[in-house]
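The primary structure of each chain is shown beneath.
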Amino acid sequence: MANADKTYEVDVEDVEYLRHGDQPLLARMFKPRGAGPFPAVVELHGGAWCLGDRLMDKPIHEPLAKSGVVVASLDFRVPPAASYPGSLADINYGVRWLKAHASEFNARADTVGIMGSSSGGHQAMLAAMRPRDPRYAEIRLPAGSPAVDASVRYVVMYWPVIDPLARYHYAKKLKAGGKPYPELIDLVLPLHDKYWKTEEAMAEGNPVLALQRGEQVDKPPTLYIQGTNDVAHPRVDLDRFVASYREAGGKVDLELYEGEAEGFAVRKPDAPNSVKAIQKIIEFVHQHAH
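Report follows, based on the coordinates. Counting starts from 1 at the beginning of each chain's written sequence and moves along it residue by residue. Residue-level local features of this predicted model are given only where pLDDT is at least 70; pairs of side-chain atoms are given and counted only at 80 or more, and the full residue set underlies all totals for whole chains, interfaces and linings. Hydrogens and waters are ignored; side-chain quantities use all the structure's heavy atoms.

1. Thoughts on the packing of aromatic side chains
Logical step 1: A pair of aromatic rings is counted whenever rings of Phe, Tyr or Trp (Trp by its six-membered ring) have centres within 6.5 Å, and the orientation is called stacked for planes under 30 degrees apart, edge-to-face for over 60 and tilted otherwise. This structure, assessed with the given rule, holds 16 aromatic pairs.
Logical step 2: Each ring, one from Y84 and one from Y195, has its centre 6.1 Å from the other, and the planes form 65 degrees; the classification is edge-to-face. Here Y84 is found in the loop between β4 (70-74) and α2 (86-100), whereas its partner Y195 is found in helix α5 (residues 184-196), with 111 residues between them in sequence.
Logical step 3: On the basis of relative accessibility, which here comes to 13%, the residue Y84 falls in the buried class.
Logical step 4: Think of it in three bands: residues with accessible area under 20% of the maximum for their type are buried, residues over 50% are exposed, and the middle band is partly exposed, with areas taken using a 1.4 Å probe on protein chains only. Given the relative accessible area of 0%, Y195 is considered buried.
Logical step 5: Ring centres of Y84 and W196 lie 4.8 Å apart, and the angle between their planes is 35 degrees; this geometry places the pair in the tilted category. Note that Y84 is positioned in the loop between β4 and α2 and W196 in helix α5, a separation of 112 residues in sequence.
Logical step 6: Of the aromatic side chains, those joined through ring pairs into one cluster are W49, Y84, Y136, Y195 and W196. By definition, any uninterrupted DSSP run of H or I lasting at least four residues is a helix, any uninterrupted run of E lasting at least two residues is a strand, and each is numbered from the N terminus.

2. Some remarks on the pattern of salt bridges
Logical step 1: Take a side-chain nitrogen of Lys or Arg and a carboxyl oxygen of Asp or Glu: if they are within 4 Å of each other, that pair is a salt bridge. The full count for this structure, using the stated rule, is 25 salt bridges.
Logical step 2: D11 is the salt-bridge partner of R33, the closest N and O atoms lying 2.8 Å from each other. Separated by 22 residues along the polypeptide, R33 in the loop between β2 (23-32) and β3 (40-44) and D11 in strand β1 (residues 10-20) bring together distant segments of the chain.
Logical step 3: By relative accessible area, D11 is classed as partly exposed at 31%.
Logical step 4: The salt bridge involving E215 is made with R213; its shortest N-O contact spans 3.1 Å.
Logical step 5: For R213, a relative accessible area of 44% puts it in the partly exposed group.
Logical step 6: Beyond isolated ion pairs, a larger network of salt bridges with shared partners links R130, D133, R135, E204, R213 and E215.

3. Details of the nonpolar core
Logical step 1: What is meant by a nonpolar core is a set of buried Ala, Val, Leu, Ile, Met, Phe, Trp, Tyr and Cys residues, joined one to another through side-chain atoms within 4.5 Å. Core analysis: the biggest nonpolar cluster contains 70 residues, and Y17, M29, W97, L98, I114 and F241 have the highest contact counts within it.
Logical step 2: The leading source of residues in this core is α2, at 8 residues.
Logical step 3: Ignoring any residue separated from it by four or fewer positions in sequence, one finds Y17 in contact with L25, L26, A27, L74, D75, F76, D90, Y93, G94 and W97.
Logical step 4: Counting residues in each nonpolar core, the second largest holds 25 residues, with V41, I60, A65 and M115 among its members. Contact between two residues is taken to exist if any of their heavy atoms lie within 4.5 Å; hydrogens are not considered.

4. Quick look at empty space enclosed by the protein
Leftover empty space is mapped by rolling, across the atoms, a probe with the size of a water molecule.
Logical step 1: Think of a 1 Å grid over just the protein atoms. A cavity is a set of points where a 1.4 Å probe fits yet cannot get out, a pocket is an open set with protein on both sides within 12 Å along at least five of seven lines, and lining residues have an atom within 4 Å of a point. Grid points are joined across faces, edges and corners, and a volume is the space filled by probe spheres set on the points. Taken as a whole, this structure holds 1 cavity of 30 Å³ or more when the rule is applied.
Logical step 2: Estimates place the volume of the largest cavity at around 40 Å³.
Logical step 3: Every residue lining the largest cavity is listed: P160, V161, I162, D163, R167, A232, H233, P234 and D237.
Logical step 4: Looking at the lining of the largest cavity residue by residue, the class counts come to 5 nonpolar, 1 polar and 3 charged. For this scheme, ten residues count as nonpolar: Ala, Val, Leu, Ile, Met, Phe, Trp, Tyr, Cys and Pro. Four count as charged, namely Asp, Glu, Lys and Arg, and the remainder, Gly too, count as polar.

What follows is the structure, encoded as structure tokens:
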């Protein structure tokens, strides 16, 4: 059994986990060397649902794998290949694929969790809350695969876009007020439109509003990491999610890092708060994978 205090050598390889037509989707697999079997996690990159790739969060993947966790960092469809809910179908499949193939990676299928940054954090939470949603679960595993679903043991979110509709309205309001506003606003507004198409979709695929609507959702234990100076992910949305999740009976560990902006742990992984945040992720994963 993996031990969070031990350091493992790690092998890294890209594996095709799914294909749409002639378009392969790759998982970058970080595999600790050792007796195992190890806990495993699916990781989802950010990029406002449209940008980025499976290599983005490497400063989190590597130390997590060195602690004795198999990490599957997924590429998934982004616009123009697919808008919502296409990426959720890939992610749901990716969780089931990892469970079905766990033994090939010296991992335990019963330990699989999910994590992600920014829009990847949003998708991690949404996938975890709705593992059996027919739209998300529509891609079948090959015949003869184990009967597994996409439910997960836990969720880790770092600076997630937890309420896409509220973030869209926040960005529009800042832009309407005229400059100066964060340059990020000009980037994210068109990407919201590209992925979601409508505000109705932003409301439907929305962890905060799903809870407030009283949807019957899975509520795995969750770690939520954010900096107090994050202008890309409004604090008010974080507070609404945490209150709603707890009210619905879910457990959230909230870790706020003073003075840090969006993406801090990935952008400057050696800074003291980043080291603390990454260590917190490692401890949480090991705690909830056993």
